[in-house]
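# A structural walkthrough
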Amino acid sequence: MTELTRDVVIVGAGAAGTTAANELKKAGLSVVVLEARDRVGGRLWTDVVDGAMLEIGGQWVSPDQDALKETLAELGLETYSRYREGESVYIGRSGELTRFTGEIFPVAPETEKEIVRLIEVLDGMVAEIDPDKPWEHPDAEALDRVSFEAWLEEQTDDQEARDNIALFIAGAMLTKPAYAFSALQALLMAASAGSFSHLVDADFILDERVVGGLQQVPLLLAERLGDDVVLDQPVTEVHWGEDGVRVVTDNGLEVRARFVILAHAPILYPWIEFQPALPRLKQQMHQHISMGFVIKVHAVYDRPFWREQGLSGTAFSPYEISHEAYDNTNHGDERGTLVGFVSDRNADDLFRVSAEERKERILESLSHYYGPEAKNPLVYFESDWGAEEWTRGAYAASFDLGGLARYGADLRTPVGPIHFACSDMAGAGYQHVDGAIRMGRLVAANIVEAARR
Ligand code: FDA
């Protein structure tokens, strides 16, 4: 057993953990980051697969993400725009494909009117929500009791309008069916991005990428910490009391510290043994949080052939296995890359069939948007975060029905020397790297203050 002593031990070398560690070090506190995996970055993972550089995890940066943008600038990382020249495609309820430009999908005029009206209603409600305290909204309890799907059913009889509005939050963000989370949780998701309109606008929410990959953020932050980041150290025990913590890994490391930060998805807390146990309400709360489930599909071709047809690569359909897809060609790459997303129930269905059939059905879905050439990529890869022991889903975690109003206010509250930070508990930037950085900064500031007392 190797023993270390530090002011703060941080569990997890993702964007939140590496940010917190750097902030604490700047404030003069000693730190060590213990990472379960053999790499830094968590849900940020840029890797080369069969000769193609792929963003296996998070990749996009949007204009409202100030904390991430500041960090990118500080680390000297360059960004580039997602390719968006030409027309987008939409496949409607009848299976018919339509090319379009702009944000609103090409649906029947009465459906379009309903979509525009619902976006206005949601923007109005989102403006009343503080993403850091959605439970303080006067109607929080009522909004948290009704599923987003049921709430939409109260708003309109137009099925296609409902399917499209649901898509922006359910398939595209929380990656859970719209009946599995509340209207309040949906409003938080939109408020965390500034407005519901922002989620509808792919040019906003999926604006830029980082040259060389977004994993460079935690990698460069970890580089600054040198030997104070230790890989292959899954933390299995946290012993805590008034004097601080003793954190044990299952690879022979023990750290004594004044504080610990659990900088990973909250669904993973139950995998750690706490001595004494966490307070009962925390334990209850953690059982009401679950990860979404999405397969991010990468298909690389000898050229971006869809551009020759005047297509931007942007494609949507609530009725397709891959409900959204984009041109994801790397900066300066001659080859063309498409990225598609298969979410929640579609993902469940595809994990009931063989890997070959899954690939065939996903490529078939992409071919509905881009034509038969989409069926024959040079490189094909599925990011399967559900299989990752130290994440267990994607993109992030959210409360089940009623959980946000009931427990949300306590999610970030420290327990003695135990502090919590993760993108999955952010207000602004919730479920995004921006939120992870914000939470890393916040928890560091709280610990610096507590350490002074
Ligand atoms: P994260 O999960 O990254 O880090 C936690 C770390 O803790 C991990 O390294 C894990 O191994 C470690 N850990 C867990 N348990 C441990 C234990 N017991 N002991 C030691 N270590 C432990 N965001 C965005 O801004 N733009 C985007 O385009 C996307 N797209 C996207 C696609 C996909 C497929 C995914 C999976 C995610 C995204 N995201 C995203 C979300 C974004 O990647 C995510 O919100 C942040 O990277 C989360 O950072 P955290 O540091 O909070 O947790």
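All of these numbers come straight from a predicted model, not from anything done at the bench.

Parameters at a glance
- Residues numbered from 1 in each chain as written.
- Predicted model: local features only at pLDDT ≥ 70, side-chain atom pairs only at ≥ 80, totals over all residues.
- Heavy atoms only, no water.
- Near = heavy atom within 4 Å.
- Polar contact = N/O pair within 3.5 Å; in protein donor to acceptor, adjacent residues only side chain to side chain.
- Areas by Shrake-Rupley, 256 points an atom, 1.4 Å probe, with all protein chains shown as cover.
- Helix = DSSP H or I, 4+ residues; strand = E, 2+ residues; numbered from the N terminus.
- Contact = heavy atoms within 4.5 Å.
- Pairing = 2+ DSSP bridges.
- Core = buried A, V, L, I, M, F, W, Y, C linked by side-chain atoms within 4.5 Å.
- Buried < 20%, exposed > 50% of the residue type's maximum accessible area, 1.4 Å probe, protein only.
- Axes fitted to C-alpha atoms, helices over the stretch in contact; angles between N-to-C directions.
- Left-handed = near helix turned anticlockwise from the far one by under 90°.
- Nonpolar A, V, L, I, M, F, W, Y, C, P; charged D, E, K, R; others polar.
- Phe/Tyr/Trp six-rings, centres within 6.5 Å; stacked < 30°, edge-to-face > 60°.
- Lys NZ or Arg CZ within 6 Å of the ring centre and 35° of its normal.
- UniProt positions renumbered as here; feature names shortened; annotations may be inferred.
- Arc of directions from axis to C-beta.

Once that is clear, we can look at the site of the ligand. Looking at the ligand, there are 36 residues lining it, with E35, R37, R43, W60 and S423 nearest. Contact distances for the ligand include 2.8 Å between an oxygen atom and a backbone N or O atom of W60. The contact in question runs from an oxygen atom of the ligand to an N or O atom on the backbone of Q431, over 3.3 Å. When the free accessible area of the ligand is taken as 1000 Å², the share hidden by the protein chains comes to 98%. Elements that contribute at least two residues to the shell around the ligand include exactly α1 (15-26) and α16 (433-452).

Mapped onto the elements, S30 comes out in the loop between α1 and β2 (31-34). With 417 residues separating them along the chain, S30 and I447 place their C-alpha atoms 12 Å apart. With residues up to four places along the chain from it excluded, the contact list for S30 reads R6, D7 and V8.

This part takes up the pairing of strand β7 (residues 97-100). The pairing of strand β6 (residues 87-91) with β7 spans four bridges and is classified as antiparallel. Following the sheet pairing, S88 is matched in β7 by F100. Counted between consecutive antiparallel strands, the loop separating β6 from β7 contains five residues, among which G95 sits at a positive phi close to 90°.

The next subject is unusual backbone geometry. Negative phi is the rule for most residues except glycine; trans is the rule for most peptide bonds. Following Q275, the chain continues to P276 via a peptide bond in cis, the omega torsion being -5°. You can see P276 is positioned in the loop between β13 (273-275) and α11 (280-286). Residue A394 is joined to Y395 through a cis peptide bond whose omega torsion reads 0°. Positionally, Y395 belongs in the loop between β19 (379-384) and β20 (397-399). The phi dihedral of D232 is positive, around 55°, even though this residue is not glycine. Take D232: it is sitting in the loop between β9 (229-230) and β10 (235-241).

Below, the discussion takes up the nonpolar core. Grouped together as the largest cluster of nonpolar side chains are 134 residues, with contacts concentrated most on L24, F148, I169, F196, I261 and I418. In terms of residue count, α16 provides more of this core than any other element does, 10 residues in total. Excluding its chain neighbours within four sequence positions, the residues that come into contact with I169 are F148, L174, T175, F181, A186, M189, A190, F196 and L199. Formed by 23 residues, the second largest nonpolar core is a distinct cluster that contains A325, V342, Y369 and Y370.

Where α1 meets α16, the axes come as close as 7 Å, and the angle between the chain directions of the two elements is 35°. The interaxial crossing formed by α1 with α16 has right-handed handedness. Contacts between α1 and α16 involve A15, A16, T19, A20, E23 and L24 from the first element and V433, A436, I437, G440, R441, V443, A444, I447 and V448 from the second. Class assignment for the residues of the contact of α1 with α16 results in 11 nonpolar, two polar and two charged.

A few words now on the packing of aromatic side chains. When we look at a pair of aromatic rings, we describe it by the centre distance and by the angle of the planes. One pass over the structure, following the stated rule, counts 19 aromatic pairs. Considering the side-chain rings of F148 and W151, the 6.0 Å spacing of their centres and the 10° angle between planes classify their relative orientation as stacked. With F148 and W151 both in helix α5 (residues 148-155) and three residues apart, this pair spans about one turn of that helix. When its relative accessible area of 6% is taken as the criterion, W151 is described as buried. For the pair Y301 and F305, a centre-to-centre distance of 5.1 Å together with 80° between the ring planes defines the contact as edge-to-face. The buried category is assigned to Y301, whose relative accessible area is 2%. Through pairs of rings, three or more aromatic residues link up here, namely W60, Y90, F100, F105, F168, F196, F316, Y326, F341 and Y395. Directly above the aromatic system of W45 lies the positively charged group of R39, at a separation of 4.2 Å from the ring centroid. Above the plane of the ring of Y83 lies R307, whose end atom (NZ or CZ) is 3.6 Å from the centre.

What follows deals with the sheet that holds β7. The seven strands are arranged β7-β6-β16-β17-β18-β15-β19 in an open sheet whose pairing can be described as mixed. Each edge of the sheet is formed by a strand with only one pairing partner; in this case those strands are β7 and β19. Neighbour to neighbour, the strand axes of the sheet diverge by 20° on average, direction disregarded. Strand contacts of helix α14 (residues 355-370): β6, β7, β15 (294-301), β16 (311-316), β17 (324-327), β18 (336-343) and β19, with the helix running at about 110° to β19, the strand carrying the most contacts.

The next subject is the UniProt feature "domain: Amine oxidase" (unreviewed entry) in the chain. The UniProt entry lists residues 16-447 under the feature "domain: Amine oxidase" (unreviewed entry), expressed in the numbering used here. Secondary structure within residues 16-447 divides into 35% helix and 22% strand; the distance between the first and last C-alpha atoms comes to 14 Å.

Attention shifts here to the environment of A16. Mapped onto the secondary structure, A16 falls in helix α1. When the C-alpha positions of A16 and R441 are compared, they lie 7.9 Å apart, and in sequence the two are 425 residues distant.

It is worth spelling out the pairing of β18 at this point. Consecutive side chains of a regular strand alternate in pointing toward one face of the sheet and then the other. The buried fraction of β18 amounts to eight of the eight residues, a majority that puts the element mostly inside the structure. Because side chains alternate across β18, one face comprises the buried residues G336, L338, G340 and V342, and the other comprises T337, V339, F341 and S343, equally buried. Bridge analysis of β15 against β18 gives eight bridges, and the strand direction is antiparallel. Within β18, the position partnered with V300 by the bridge is T337. Bridging between β17 and β18 involves four bridges; their strand directions are antiparallel. Looking across to β18, one finds that Y326 is bridged to V339.

Bringing α5 into the picture now. Looking only at α5, the buried set comprises F148, W151 and L152. The buried residues of α5 occupy one face: seen down the axis, they fall within an arc of 100°. Summarising the contacts, the buried residues of α5 are in contact with α3 (109-127), α4 (140-145), α6 (159-174) and α7 (183-191).

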